[in-house]
Amino acid sequence: MAAANNNTYPPLDDFVAACKARSVRLVRGHYHLSLRHRLRDPLVVVVMRDPVERAASHVRHMIRKHPERRDWTFTELDQGRLPVPDNVMTRLLGGSLDDVGAPDLANANHTLMRGELGDPERRLAYAIAALDSIDLLGFCDDLETFARALRILRVKFDSSVGVNQTEKLVFTPQQMATLEERNALDVALYRHAKQHYAAPDRLRLWRRAFSPFG
């Protein structure tokens, strides 16, 4: 669908309609978890990344796309501000598209991703609770375990990691501290997930895990 939408994510309402109108076996992207309630009993797979590493990568990506923002970006970090959305994993897992009151799904998704967090502790608690409802949870620093789980589900997955050939921007300790402080909810969420779900014998294949691919 992205190819038919100028290589961008399609409007969520169009996306949901297309999923309902035809047989879709796989959907991937940076969509809010509650979007699953608009689909037909999907198997939900989530991959988490170290939040400080993820934020640093997001900043690097933004600078590569907009090199004119480089100086501004580093100034923001030096002054304790984050030039990209904060706590993205908590935002994607906590809250609900139905609670935003936006005119359509695309605006609701944007609000959850970039709007006010509201009560941060409540949003974090919501995200932590959501971990238990995910069918398969993986981690970027252990893709081999994740790949083995996907193979059990009969899903092909290449766990090799490509090497980014673009410039590796280096952040100062102060800038790294800003990335961590401004993503404190994600740090707590990730720590909880690693503690409760990272061990191979705790990697959960839930009650419905085999039905979509059987």
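The structure this text deals with has already been given above.
To start, this report covers the structure provided alongside it. Computed from a prediction, not measured in an experiment: that's the story for all the values here.

Conventions we followed
- Residues numbered from 1 in each chain as written.
- Predicted model: local features only at pLDDT ≥ 70, side-chain atom pairs only at ≥ 80, totals over all residues.
- Heavy atoms only, no water.
- Helix = DSSP H or I, 4+ residues; strand = E, 2+ residues; numbered from the N terminus.
- Buried < 20%, exposed > 50% of the residue type's maximum accessible area, 1.4 Å probe, protein only.
- Contact = heavy atoms within 4.5 Å.
- Polar contact = N/O pair within 3.5 Å; in protein donor to acceptor, adjacent residues only side chain to side chain.
- Salt bridge = Lys/Arg side-chain N within 4 Å of Asp/Glu carboxyl O.
- Core = buried A, V, L, I, M, F, W, Y, C linked by side-chain atoms within 4.5 Å.
- Axes fitted to C-alpha atoms, helices over the stretch in contact; angles between N-to-C directions.
- Parallel < 35°, antiparallel > 145°, perpendicular 65-115°, else oblique.
- Nonpolar A, V, L, I, M, F, W, Y, C, P; charged D, E, K, R; others polar.

### Observations concerning the overall build of the chain
- Counting its secondary structure elements, the chain contains 9 helices and 2 strands.
- Counting from the amino terminus, the chain carries its helices and strands in the arrangement α-β-α-α-α-α-α-β-α-α-α.
- Buried positions account for 41% of the 214 residues belonging to the chain.
- For the chain, long-range pairs separated by at least 24 residues make up 72% of all intrachain contacts whose partners lie at least 6 apart in sequence.

### Some points on the side chain of Thr90
- With respect to the helices, strands and loops of the structure, Thr90 is situated in helix α4 (residues 88–93).
- Of note is the side chain of Thr90, whose polar atom sits 2.7 Å from the side chain of Asp186.
- In this view, Thr90 contacts Arg123, Leu124, Ala127, Leu185, Asp186 and Leu189; residues no more than four positions away in its chain are not counted.

### Things to note about the environment of Ala127
- Along the chain, Ala127 turns up in helix α6 (residues 120–131).
- Ala127 gets classed as buried once you look at its relative accessible area, which sits at 0%.
- As for Ala127 and Thr90, which are separated by 37 residues in sequence, their C-alpha atoms are 5.6 Å apart.
- In this structure Ala127 touches Thr90, Leu93, Gly94 and Leu189, once residues within four positions along its chain are discounted.

### Considering unusual backbone geometry
- Backbone geometry at Asn87 places phi at a positive 45 degrees, although glycine is not the residue there.
- Mapping Asn87 onto the fold places it in the loop between α3 (70–78) and α4.

### Overview of the environment of Asp14
- Mapped onto the fold, Asp14 is located in helix α1 (residues 12–21).
- Between the C-alpha atoms of Asp14 and Leu105, which are 91 residues apart in sequence, the distance is 9.4 Å.

### Observations concerning the pattern of salt bridges
- Under the counting rule described, the total for this entry stands at 5 salt bridges.
- In this structure, Lys194 and Asp141 form a salt bridge, with 2.9 Å as the shortest nitrogen-oxygen distance. Of this pair, Lys194 sits in helix α9 (residues 184–197) while Asp141 sits in the loop between β2 (136–139) and α7 (143–152), and the two are 53 residues apart along the sequence.
- For Lys194, a relative accessible area of 27% translates into the label partly exposed.

### Considerations on the nonpolar core
- By size, the foremost hydrophobic cluster in this structure holds 19 residues, and its most contacted members are Met48, Leu93, Leu131, Ile134, Leu137, Phe139 and Leu189.
- When contributions to this core are tallied by element, the ones reaching two or more residues are β1 (45–48), α4, α6, β2 and α9.
- For this core, the leading source of residues is α9, giving 5 residues.
- Residue contacts for Met48: discarding those within four places in its chain leaves Met89, Leu131, Leu137, Gly138, Phe139, Cys140, Leu189, Tyr190 and Ala193.
- In terms of nonpolar packing, the next biggest core, distinct from the first, is built from 14 residues, Ala56, Ile63, Leu82 and Val187 among them.

### Some details on the packing of α1 against helix α5 (residues 105–114)
- Packing of α1 against α5 brings their axes to within 6 Å, and their N-to-C directions diverge by 120 degrees. In terms of orientation, α1 and α5 fall into the oblique class. For the pair α1 and α5, contact is made by Leu12, Asp13 and Val16 and by Leu105, Ala106 and Asn109, respectively.
- A class-by-class count of the residues in the contact of α1 with α5 yields 4 nonpolar, 1 polar and 1 charged.

### Some points on the side chain of Glu76
- Following the sequence through the fold, Glu76 ends up in helix α3.
- If sequence neighbours within four positions are ignored, Glu76 has contacts with Arg81 and Pro83.

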